[in-house]
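# Secondary and tertiary structure notes
Residue-level listing of the chains:
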Amino acid sequence: MRGDFRSKEELERLFAEALEKLKSAVEERQVAEIKTEFLGKKGKITALLRGLVNISQEQRPVIGRLANEVKVSLEEKIKESLAGIRERKRKEDLLHESLDITLPGRRVPIGRKHPITEVCNEIIGIFLGLGFQISEGPEVELDYYNFEALNIPKDHPARDMHDTFYISDEVLLRTHTSPVQIRVMEKQSPPIQIIAPGKAFRCDSDVSHTPMFHQVEGLMVGNNITFGDLKGILTIFVHQMFGDKTRLRFRPSFFPFTEPSAEVDMQCVICRGKGCRVCSFSGWLEILGSGMVDPEVFKIVGYNPNEITGFAFGLGIERVAMLKYGINDIRMFFENDMRFLGQF
Amino acid sequence: MKVSFNWLREYVDIDLAPDELGENLTMAGFEVESISKVDANLNNVVVGKIVSLKPHPNADKLSLCQVSTGGHLYSVVCGAANMISGGYVALALEGALLPNGVKIKNTRIRGELSQGMMCSEEELKIGRDSKGILILQDDGLELGKGIASALNLEDYIFEINITPNRPDCLSIIGIAREIASITGKILKIPKIEFREGNEKIDKLTSVEIHDPELCPRYSASLITDVTIGLSPFWMRRRLESAGIRPISNVVDVTNYVLMEFGQPLHAFDFDLLSERRIVVQRADDGDVFTSLDGMERPLFSDTLMICDGEKPVAIGGIMGGLNSEVSEDTSNVLIESAYFNPTNIRKTSKKLGLQTEASYRFERGVDYGGVIRALNRATQLVLDFCGGKAAKGVVDQYPSPIFPEEIPLSINKANKILGTSLKKGKVKRYLKSIELDVKDLDKDKVIVKIPSFRMDLHREIDLIEEVARLDGYNNIPTTTPVVRVKTASKNPVQVLQDKAKDILASMGYYEVVNYSFISPLSVVLLNLNAEHPYKRFISIKNPLREDQSIMRTTLIPGLLNTMKTNVYNKNLNLKLFELGTVFYSVKEKELPREKKMLSALATGLRYGESWSFPGEGIDFYDIKGSLENLFEGLNIMNFNFLSTTDIPYLHHGKSSIIMVDNTEIGTVGEVHSAVLEGY
């Protein structure tokens, strides 16, 4: 019987001893040692439990239960101790392991699309949303499509408005994207609702002109398309592109392939209409040329001008990009300097 | 066109301030590009009258004048030769600072008191005449009044962009007519009255038109015994305001009427016309003619010439000849007022490379009905300012008169096209305000008679545009079209292009946009064999520069050029791409074949300047890797790279042919050092 008590006392003493040691342990390694010392295969508590064979039959379950409790409890304490140490260690580590976060990140450099592409896509996006399909045409064109079919016969003073690059008498670099109108109408019957983005060329070069530039042409043709509709579509476009509050005005102009023709001005985006250098103190910026398709053009493509009406418009992409990004020299678009391209 | 505010006010009352007028004109389709104020800071320069003059006692070339300003009498010493007693002058008094910097003070000149200075045009910077002092026209000038207000020197010059369809507005009266319509005022056409002589013009000269197609109308007047000299100050000043250099009174009158009515005129020295007559006929190919500007001009069989009895004396509608020019010795002048075929004038002007104020108007179409009125106006002004005697009547050869067109206009149609609901009464009022003759045809339609000065109105749609313009584009309701809903999206090729650009940008490539024309030399630099497709380029007939004179057959020279510019600007680490069209010649006079191509170029350090990456240079495998990524990103799987040694512009040991589905689609490699040396 004494052995019973001794075993119990011994258990409790070992438990206390283990707890004491755990308290002073500061590293995981020490805890592991303590675990081995008491609970390992040759550990003190394990050895004691093995000695239980000498204990009386009736006390065996009692001591056994106690021994088990001590073992479970100690394992619990070890876990807690370990968690405590790890937590402490993590905190210490975080204190010591700081980086110079002001150094630049390690990045593989990224590129950019050209601002003309970006602006063009934005414009296309707006018109796709309004149901306009995209059409394209050749950049080297026949005089017929660039001029004659657009009601600009040879020896017409309106040809002065286009400084044309010629390949031969009949072949030229298109001076606008308007020939796409004709090519589309020749192939399709109304209703038509297209835009045609692309390059155009004129022999002109200064701060505001480059011999190559980009335009978006638009054409909407059907049974009851009115001048009011032209105003509506272009108002939606300008509002989406430059903001809902941008005011715009339509004023009479002349294009041989539209009648009535309208120049569209929008409120200056720089000074908001107060007058500044960009708008030559008028408060307005010319942004689009437009008009109702001239009946002559309908006749040329074989439409009946008594049944069909429609409008067309054209806008310069560089112009829009310059206003959007505050660029004052159009030539920068085609110099392709990385310091410029990297800004968009 | 340059238009003087003061000049306009002679034909229409204007209550608007210049900037308001500018705004109104712009919104009516006459875009005012700028308004510049003509300032005349001529304080203490007043209207004076020479009441007496006598020689300076101590100087031969000086005079002693007494000049009155109404209230005061001033003694002025003057060295000019053109002073006359009773003449009105511009007198600069003590304190005046002239535009040329001279400050006027009371002083003594050779012992005589001089209390000011009588000024020349040039000294006041209001004209070019510096030969003598300015003698003013005595038409109601108020003595002592500031010269700027007395002479209407303060002015505003409108620079107006007149569209090619509105030649009628290439004149002050044309613009005034539009202002009258906008503001509801009356257009005041100057009264044309003068005394004719007794001798009938038919007895003195004749006009024959041999080619009425090219010259439908030719009229002339004749004034004898004119005195050639300086035209009056106000006339020269108005001509200058319009950008025309004053020459002599007769020539100035023709230019004045040109600007006033828009009808080009020409004055011949009548005594230099052989047989004293005019014959209008075509030149012969190979003829040569010396125009007024002294240039020898080759002529063609479709060049219309104004001839006398034996030789050409002017290029019809474009420029007069040196051989019949009005000079200081001229005493008899024949004035031409004609209507020429617009297309032929344009062709001739182009062929001769000669554009004049006259040709600019004739090729757009002048008022065929206003030919005689302008001629009479010129005769009147010549008599007024050059003296002489006008022959009785005019010659007017007009074999097949042009009759005004009558165009029906449906109000419904106008409303249908414009999206408006204008009433017939309003439409009629609009059209009448620009001097169109409008009559009812039926309930819906009116019939509009077109005046001869509106050469641009032929069709119903032309009238509808006028209605819209006069109603004001901004008053037309803004609507959205009623259409069948359909979806719109990019087509697969457009989507593919977008995607390729995105992938390349995400790998560090910058998109560039180069001109579609390149230098022929850049193709030579690629070292291609004769049959290479890149050599099948087309050339521009009229390039701006030699290095932009052929259409590109490849994007490579553009990228190499971009590299060059960037390296020059110290941007050394480059990844570039371009997606654009190239052009291959097919057959002469036919359109070239256009093809979309993608090219990319990389040079410098693989990751640019970075503290954390090794500074390794780009090599073949970088760009090959980019291609592999691109293909995978575009879901192109069946690609491979074949070795090759015969791409002339690439390094023979570091280049490859790109194959997709066993088709060659491109090349990749290190640029040949010989090519690089060219850049």
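Going along each chain's sequence as written, the residues are numbered from 1 onward. Chains and ligands are labelled by the order in which they are written, letters from A for the one and numbers from 1 for the other. Only residues with pLDDT of 70 or above have their local features reported here, since the model is predicted, and side-chain atom pairs are shown and tallied only from 80 upward, although totals for entire chains, interfaces and linings are computed over all residues.

### Points about the overall build of chain B
Looking only at helices and strands, one finds 19 helices and 35 strands in chain B. For chain B, the C-alpha radius of gyration of 36 Å lies well beyond 26 Å, the compact-globule estimate for 679 residues. Every C-beta atom is placed from the backbone, and the number of other C-beta atoms within 10 Å of a residue's own sets its class: buried at 20 or more, exposed at 12 or fewer, partly exposed in between. Expressed as a percentage of the 679 residues in chain B, the buried residues total 42%. Nonlocal contacts in chain B, meaning residues at least 24 apart in sequence, comprise 66% of its contacts between residues at least 6 apart. The way it works is that DSSP assigns letters per residue, a run of H or I at least four long becomes a helix, a run of E at least two long becomes a strand, and they are numbered from the N terminus. We take the radius of gyration over the C-alpha atoms and set the globule estimate at 2.2 Å times the residue count to the 0.38 power. Note that contacts rest on C-beta atoms placed from the backbone: two residues are in contact if these are within 7 Å.

### Side note on the domain arrangement of chain A
Note that the domain bounds reflect an automated or database-derived domain assignment. Parsing chain A into structural domains produces domain 1 (2-96) and domain 2 (115-341). The C-alpha centroid of domain 2 of chain A is placed 88 Å from the C-alpha centroid of domain 1 of chain A.

### Things to note about the environment of Asp265 of chain A
Residue and element names in this part refer to chain A. Along the polypeptide, Asp265 turns up in strand S7 (residues 258-267). The class of Asp265 is buried, set by 23 C-beta atoms lying within 10 Å. Each C-alpha atom of the pair Asp265 and Asn146 lies 25 Å from the other, and the pair is 119 residues apart in sequence. Each residue touching Asp265, except ones within four places of it in the same chain, is listed here: Leu248, Arg249, Arg251, Trp284, Leu285, Glu286 and Ile287.

### Topic: the sheet that holds strand S16 (residues 278-282) of chain B
Residue and element names in this part refer to chain B. Pairing between strands is defined by DSSP: at least two bridges between the two strands are required. Judged by pairing direction, the sheet is mixed, and its five strands sit side by side in the order S13-S16-S19-S20-S21 without closing on themselves. Each edge of the open sheet carries a strand with a single partner, namely strand S13 (207-209) and strand S21 (319-320). Bridge count between S16 and strand S19 (residues 304-307): four bridges; the pairing is antiparallel. Opposite Val279, over in S19, you have Cys307 as the bridge partner.

### Considering the domain arrangement of chain B
Assigned domains within chain B: domain 1 (2-39 + 154-183), domain 2 (45-150), domain 3 (196-397), domain 4 (406-475) and domain 5 (492-677). When each unit is reduced to the centre of its C-alpha atoms, the spacing between domain 2 of chain B and domain 4 of chain B is 57 Å.

### A closer look at the interface of chain B and chain A
By convention, interface size is frequently given as the accessible area that disappears when the constituent parts associate. Each side of the interface is counted separately: chain B has 76 residues, and chain A has 69 residues. When residues of the side of chain B that touches chain A are traced back to their parent elements, those giving at least two are helix H2 (18-27), helix H9 (342-352), helix H12 (411-418), helix H14 (460-471), helix H15 (492-506), strand S28 (510-511), helix H17 (556-568) and strand S31 (574-584) of chain B. By residue number, the principal contributor to the side of chain B that touches chain A is H14 of chain B, which donates six residues. Broken down by class, the residue content of the side of chain B that touches chain A amounts to 33 nonpolar, 27 polar and 16 charged. Charged residues are taken to be Asp, Glu, Lys and Arg, nonpolar residues to be Ala, Val, Leu, Ile, Met, Phe, Trp, Tyr, Cys and Pro, and polar residues to be all remaining types, Gly included.

### Considering unusual backbone geometry
Residue and element names in this part refer to chain A. Cis geometry is adopted by the peptide bond preceding Pro191, which originates at Pro190 and carries an omega value of 0°. On the secondary structure map, Pro191 appears in the loop between helix H7 (179-187) and strand S4 (192-201). Of note in this structure, Ser280 is not a glycine but carries a positive phi near 45°. As for its placement among the helices and strands, Ser280 is situated in the loop between S7 and strand S8 (284-293). Take Ser280: there are 13 C-beta atoms within 10 Å of it, and that puts it in the partly exposed class.

### Digging into the packing of helix H7 (residues 233-241) of chain B against helix H8 (residues 249-261) of chain B
A pair of packed helices can be characterised by two numbers: the angle between their axes and the separation between those axes. Residue and element names in this part refer to chain B. Between H7 and H8, whose axes approach to 10 Å, the crossing angle comes to 55°. Between H7 and H8, the crossing angle belongs to the class labelled oblique. Judged by the sense of rotation from one axis to the other, the crossing of H7 with H8 is left-handed. Side by side, H7 and H8 meet where Met235, Arg236, Arg238 and Leu239 of the first sit next to Asp252, Asn255 and Tyr256 of the second. Structural elements are reduced to axes, namely lines fitted to C-alpha atoms, with helices fitted over the stretch in contact, and the angle between N-to-C directions of any two is expressed from 0 to 180 degrees. The scheme is simple: roughly parallel for angles under 35 degrees, roughly antiparallel for over 145, roughly perpendicular for 65 to 115, oblique for anything else. For any helix crossing, the convention is left-handed if the near helix is rotated counterclockwise from the far helix by under a right angle, and right-handed if that rotation is clockwise.

### Considering H17 of chain B
One full turn of an α-helix is made of 3.6 residues, so residues set three or four places apart face in the same direction. Compared with an ideal rise of 1.5 Å per residue, which puts 13 residues at 18 Å, H17 of chain B spans 18 Å between its outermost C-alpha atoms and is within 8% of the ideal. Listed as buried for H17 of chain B are Ile556, Pro557, Gly558, Leu559, Leu560, Thr562, Met563 and Asn566 of chain B. On its buried face, H17 of chain B is in contact with helix H12 (338-341) of chain A together with strand S29 (517-518), helix H16 (520-524), S31 and strand S32 (593-603) of chain B. Backbone geometry just after H17 of chain B places Lys570 of chain B at a positive phi near 65°. Take the number of residues in a helix, subtract one, and multiply by 1.5 Å to get its expected span.

### Regarding helix H5 (residues 172-183) of chain B
Residue and element names in this part refer to chain B. Between its first and last C-alpha atoms H5 spans 16 Å; for 12 residues at 1.5 Å apiece the expected length is 16 Å, and the two agree. The buried fraction of H5 amounts to 11 of the 12 residues, a majority that puts the element mostly inside the structure. All of the buried residues along H5 are Ile172, Ile173, Gly174, Ile175, Ala176, Arg177, Glu178, Ile179, Ala180, Ser181 and Ile182. Elements that come into contact with the buried residues of H5 comprise strand S1 (2-4), helix H1 (5-8), H2, strand S11 (155-161), H8 and helix H13 (424-433). Backbone geometry just after H5 places Gly184 at a positive phi near 75°.

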